[in-house]
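# Coordinate analysis (summary)
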Amino acid sequence: MRPVGALSHVRVLDLSRVLAGPWATQLLGDLGAEVIKIERPGRGDDTRTYGPPWAKDEAGEDTDVSAYYLCANRNKESITVDFTRAEGRALLRELAAQSDVLVENFKVGTLARYGLDYETLAAINPRLIYCSITGFGQDGPYAERSGYDFLIQGMGGLMSVTGAPDGTPTKVGVALADVMTGLYASNAILAALVWRERSGEGQHIDLGMLDVQVAALANQALNYLSSGKAPARVGNAHPNIVPYDACPTADGHMILAIGNDAQFARFCIEARTDWLGDARFGSNAARVRHRDVLVRVPVLFVFILAFSRKACRGNDLRSDC
């Protein structure tokens, strides 16, 4: 039974595979939309085989459905359709005529060969919101290329700011470019649904993973645009806030994240009262300039260890601002 939610009046035709597109349609399903997932006969979504681990049956035995597939395909109904055949194409056109949203992530031009592109389907259903997810968008020099999360994290700069300073470029531990693209896609679809309420018209959403990854660089991108200096890998540290790191203690690592000067002052009262009057650490900007001095003080970690063992005292550092 589908959940009742804000989008319970919306039908989504999901022609996407793997993660970015399915993540977007799953979010729409979470909000109550009816999501009809179209899979290839005999194979299904590629991620069905991305195991182990596998989903368990009632007896606790492995099935042939991967946990990966399940992470992005809840709240959906699944059918197989072969759109390389005329009857399959006819079925998808019929479904598109009765749907509000279509999401696909085929290579540019693939669905046009089968008459399942936006222009063709919009002629059948002018209210259709058609979202195309690709690696590099529908036009431009890289439009014909395939896009994979690992590739996009590298090209989009994320790997250049992830990992140890003296280590190799490192991807994030989850497919963040895919997940972020799914979030951007669902957000764009929601905006298109609102616009359709006002205009009565659908639209074609062109979403490139590389565009999303670059946009998601956030403060690191603006750091570069403001300073002209390319950001570097700093491990668990923060490029704009100090102290903000995973600090070693006698019984494991402790995260020390101090987000403003008032928090740092309260920390100093507990850990290093002599820092309260030290101009090198009096503001976050000063602490960033003197990062190497502050974080390499061995006694800091002694005080952190003692501080971390004070029952419930971590709450004392919470900001009231």
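Here the residue numbering is sequential within each chain, running from 1 through the sequence in written order. Local features in this predicted model are restricted to residues of pLDDT 70 or higher, and side-chain atom pairs are both shown and tallied only at a pLDDT of 80 or more, whereas totals for entire chains, interfaces and linings draw on every residue. As a rule here, side-chain values cover all heavy atoms of the structure and leave hydrogens and water aside.

### Here's the deal with the overall build of the protein chain
Note the threshold: Strands are runs of DSSP state E lasting at least two residues, helices are runs of H or I lasting at least four, and both sets are numbered from the N terminus onward. Using C-alpha atoms as the atom set, the radius of gyration is obtained and then compared with a globule rule of 2.2 Å times the number of residues to the power 0.38. Positive charge is attributed to Lys and Arg, negative charge to Asp and Glu, and no charge count is given to His or to the chain ends. A charge is said to be at NZ when it belongs to Lys, at CZ for Arg, at CG for Asp and at CD for Glu.
Each helix and strand in the protein chain was counted, giving 12 helices and 10 strands. For 321 residues, the compact-globule formula gives about 20 Å, and the C-alpha radius of gyration of the protein chain, at 25 Å, lies well above that figure. Dimensions of the protein chain, computed from the C-alpha atoms along their principal axes, are close to 80 × 55 × 40 Å. Averaging the locations of the 33 positively and 37 negatively charged side chains of the protein chain gives two centres separated by 5 Å.

### Quick notes on the packing of helix H1 (residues 20-30) against helix H6 (residues 176-199)
Quick reminder of the rule: Convention adopted: a line fitted to C-alpha atoms gives each axis, helices being fitted over their contacting stretch, and angles between N-to-C directions are expressed from 0 to 180 degrees. For classification purposes, an angle smaller than 35 degrees is called roughly parallel, one larger than 145 roughly antiparallel, one from 65 to 115 roughly perpendicular, and anything else oblique. By convention, the crossing between two helices is left-handed when the near helix turns anticlockwise from the far helix through less than a right angle, and right-handed when the turn is clockwise. Residue contacts are counted whenever heavy atoms from the two residues lie within 4.5 Å of one another. Any residue that is not Ala, Val, Leu, Ile, Met, Phe, Trp, Tyr, Cys, Pro, Asp, Glu, Lys or Arg is counted as polar, Gly included; the first ten are nonpolar and the last four charged.
It is the contact of H1 with H6, at a shortest axis distance of 7 Å, that shows an interaxial angle of 45°. It follows that H1 is oblique to H6 by the angle criterion. At the point where H1 passes H6, the crossing takes the right-handed sense. Side by side, H1 and H6 meet where Ala20, Trp23, Ala24, Leu27 and Leu28 of the first sit next to Asp178, Val179, Thr181, Gly182, Leu183, Ala185, Ser186, Ile189 and Leu190 of the second. Considered class by class, the residues forming the contact of H1 with H6 number 10 nonpolar, 3 polar and 1 charged.

### Digging into the sheet that holds strand E8 (residues 203-208)
Just so we agree on the cut-off: The rule for pairing is simple: two strands pair if DSSP sees at least two bridges between them.
With parallel pairing, 6 strands are arranged side by side in an open sheet as E5-E2-E1-E6-E7-E8. The two strands at the open ends of the sheet, each matched to only one other strand, are strand E5 (77-80) and E8. For this sheet the average axis-to-axis angle between neighbouring strands, irrespective of direction, equals 20°. Two strands pair when backbone bridges link them, and strand E7 (residues 129-134) and E8 are joined in this way by 6 bridges, in the parallel orientation. Bridge pairing in E8 places tyrosine 130 opposite histidine 204. Here H1 sits on the sheet and contacts strand E1 (11-15), strand E2 (34-39), strand E6 (101-104) and E7; the angle it forms with E1, its principal contact strand, is near 165°. Seen against the sheet, helix H3 (residues 86-97) touches E1, E2 and E5 and runs at an angle of roughly 150° to E1.

### Topic: unusual backbone geometry
Condition: Residue burial is assigned from relative accessible area. The probe radius is 1.4 Å, only protein chains are included, and a residue is buried under 20% of its type maximum, exposed over 50%, and partly exposed in between.
Put simply, proline 52 and proline 53 share a cis peptide bond, and its omega is 5°. On the secondary structure map, proline 53 appears in the loop between E2 and strand E3 (54-56). The peptide bond linking valine 242 to proline 243 adopts the cis configuration, its omega dihedral lying at -5°. Secondary-structure assignment places proline 243 in the loop between helix H8 (218-227) and strand E9 (244-249). In this structure, valine 18 is a non-glycine residue whose phi angle is positive, near 70°. If you trace the backbone, valine 18 turns up in the loop between E1 and H1. Using a relative accessible area of 24% as the deciding quantity, one classes valine 18 as partly exposed. Phi at alanine 218 takes a positive value of approximately 50°, unusual for a residue other than glycine.

### Side note on the packing of aromatic side chains
Test applied: The criterion for an aromatic pair is that two Phe, Tyr or Trp rings (for Trp, the six-membered ring) have centres within 6.5 Å, with stacked assigned to planes under 30 degrees apart, edge-to-face to planes over 60 apart and tilted to the rest. A ring has a charge above it when a Lys NZ or an Arg CZ is no more than 6 Å from the ring centre and no more than 35 degrees off the ring normal.
Evaluated as defined, the whole model comprises 8 aromatic pairs. Judged by centre distance (5.5 Å) and plane angle (80°), the ring pair of phenylalanine 83 and phenylalanine 106 falls under edge-to-face. Here phenylalanine 106 lies in the loop between E6 and helix H4 (118-124) and phenylalanine 83 lies in the loop between E5 and H3, a separation of 23 residues in the sequence. Just as phenylalanine 83 is buried, phenylalanine 106 falls in that class too. Centre to centre, the rings of tryptophan 275 and phenylalanine 281 are 5.2 Å apart; their planes meet at 65°, and the pair counts as edge-to-face. For the pair tryptophan 275 and phenylalanine 281, a shared accessibility class is recorded, and that class is buried. Linked through ring pairs, Phe264, Phe267, Trp275 and Phe281 together constitute an aromatic cluster. Over the face of the ring belonging to phenylalanine 106 we find arginine 17, whose NZ or CZ atom lies 3.9 Å from the ring centre. The ring of tyrosine 142 carries the charged tip of arginine 145 above its face, separated from the ring centre by 4.0 Å.

### A closer look at the environment of lysine 76
In plain terms, the rule: Contacts described as polar in this section are N or O atom pairs within 3.5 Å, which, within protein, must combine one atom able to donate a hydrogen with one able to accept it, while residues neighboring in sequence count only if both atoms come from side chains.
Here lysine 76 lies in the loop between helix H2 (67-71) and E5. Between the C-alpha atom of lysine 76 and that of valine 35, which follows or precedes it by 41 residues, the distance is 4.9 Å. Apart from the residues within four sequence positions on either side, lysine 76 is in contact with Asp14, Pro22, Thr25, Gln26, Val35 and Lys37. In this structure the side chain of lysine 76 is engaged in a polar contact, spanning 3.0 Å, whose partner is the backbone oxygen of alanine 72.

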